[in-house]
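Read off the chains here:
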Amino acid sequence: FLANELALRNYQVTGVDSSQPALDVARRHDTTGTVDYRYGDAYRLELDEKIFDVVCALDFLEHVENPRLVVKEASGRLRLGGLFFAHTFNRNLLSWLIVIKGVEWFIRNTPPRMHCLRYFIKPRELKAMCRDYGIDILQCRGLTPKVFSAAFWKTVATGTVDDDFTFCFVRHTTMGYIALGVKNRE
């Protein structure tokens, strides 16, 4: 979704996924026909030495065994001064209850074991990973569903994510959060 949205805004975009079916779906939704979709491994990106202004790892780090290697690869692909965006979930009891169990209980088509608490990352852990590979986290902002919206309650009632379901920024990083970092050294 993000790759296609950025392409609509005239950015040059490369999207990488280890799932060919996911890439096929993404290509079908790329109305610009300009996104460079690649089958690949986030631990070892084979992108012909491309260097990027921005790397995004949104809703991704909490699905890999070794997020440190992903951050290392991301940093290796960023130019100095380049931006790194990550969205993931904080590892705690509330995240387990809402993000894992709540989604399993209330969203009908949730794949089994879509999220695993041990893969969630505390903000301080993400900051340390990034710092180790030359990325300074400038900001972490909490992100949570808009629970006081009709779309949220419609999703809960029907078990299907409503098209108008949205998230909002919050001051705390208790559950989900977005981090913005800048590459400051090689």
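Residues numbered from 1 in each chain as written. Predicted model: local features only at pLDDT ≥ 70, side-chain atom pairs only at ≥ 80, totals over all residues. Heavy atoms only, no water.

A. The sheet that holds strand β4 (residues 78-89), seen in detail. Read across the open sheet, the 5 strands follow the order β3-β4-β7-β5-β6; overall the sheet is mixed. With partners counted over all chains shown, the strands left at the sheet margins are β3 (52-58) and β6 (167-170), one partner each. Strand-to-strand twist of the sheet, defined as the mean angle between neighbouring strand axes without regard to direction, takes the value 25°. Pairing between β3 and β4: 6 bridges, direction parallel. Note that in β4 the partner of Val55 across the bridge is Phe84. Packing of helix α3 (residues 67-77) onto the sheet brings it into contact with β3, β4, β5 (135-145) and β7 (176-183), and relative to β4 it is tilted by some 150°. (Pairing = 2+ DSSP bridges. Helix = DSSP H or I, 4+ residues; strand = E, 2+ residues; numbered from the N terminus. Axes fitted to C-alpha atoms, helices over the stretch in contact; angles between N-to-C directions. Contact = heavy atoms within 4.5 Å.)

B. Geometry of helix α5 (residues 123-132). The set of residues buried in α5 consists of Pro123, Leu126, Met129 and Cys130. For α5, the angular spread of the buried residues around the axis is 125°, confining them to a single face. In this structure, the buried residues of α5 make contact with α3, β4, β5 and β7. In the segment just after α5, Gly134 is the residue with positive phi, at about 80°. (Buried < 20%, exposed > 50% of the residue type's maximum accessible area, 1.4 Å probe, protein only. Arc of directions from axis to C-beta.)

C. The pairing of strand β1 (residues 14-17), seen in detail. Summarising the sheet, β1 and strand β2 (residues 36-39) pair through 4 bridges and their orientation is parallel. Within β2, the position partnered with Asp17 by the bridge is Tyr39. Following the chain from β1 across helix α2 (residues 20-28) to the adjacent parallel β2, one finds a crossover that is right-handed. (Right-handed = clockwise from strand over helix to strand, strands pointing away.)

D. Region of the structure containing the pairing of β7. For β7, the buried fraction is high: 6 of the 8 residues fall into the buried class. For β4 and β7, the ladder comprises 7 bridges, and the chain directions are antiparallel. Across the sheet, the residue bridging to Leu83 is Val182, located in β7. One ladder, built from 8 bridges, connects β5 with β7; its direction is antiparallel. Bridging across to β7, Cys140 finds its partner in Ala179.

E. Local environment of the packing of α3 against α5. It is the contact of α3 with α5, at a shortest axis distance of 9 Å, that shows an interaxial angle of 45°. When the axis of α3 is compared with that of α5, the two are oblique. You can see that α3 and α5 cross each other, and the crossing is right-handed. Together, Pro67, Arg68 and Val71 of α3 and Leu126, Met129, Cys130 and Asp132 of α5 make up the contact between the two elements. Looking at side-chain class alone, the contact of α3 with α5 contains 5 nonpolar, no polar and 2 charged residues. (Parallel < 35°, antiparallel > 145°, perpendicular 65-115°, else oblique. Left-handed = near helix turned anticlockwise from the far one by under 90°. Nonpolar A, V, L, I, M, F, W, Y, C, P; charged D, E, K, R; others polar.)

F. Representation of the nonpolar core within the structure. By size, the foremost hydrophobic cluster in this structure holds 22 residues, and its most contacted members are Val55, Leu61, Val71, Phe84, Ile121, Leu126 and Cys130. Broken down by secondary-structure element, the contributors of at least two residues to this core are β3, α3, β4, α5, β5 and β7. Here Val71 is in contact with Phe84, Leu126, Met129, Cys130 and Tyr133, once residues within four sequence places are set aside. Residues Ala7, Val13, Leu23 and Ala26 belong to the second largest nonpolar core, which totals 7 residues. (Core = buried A, V, L, I, M, F, W, Y, C linked by side-chain atoms within 4.5 Å.)

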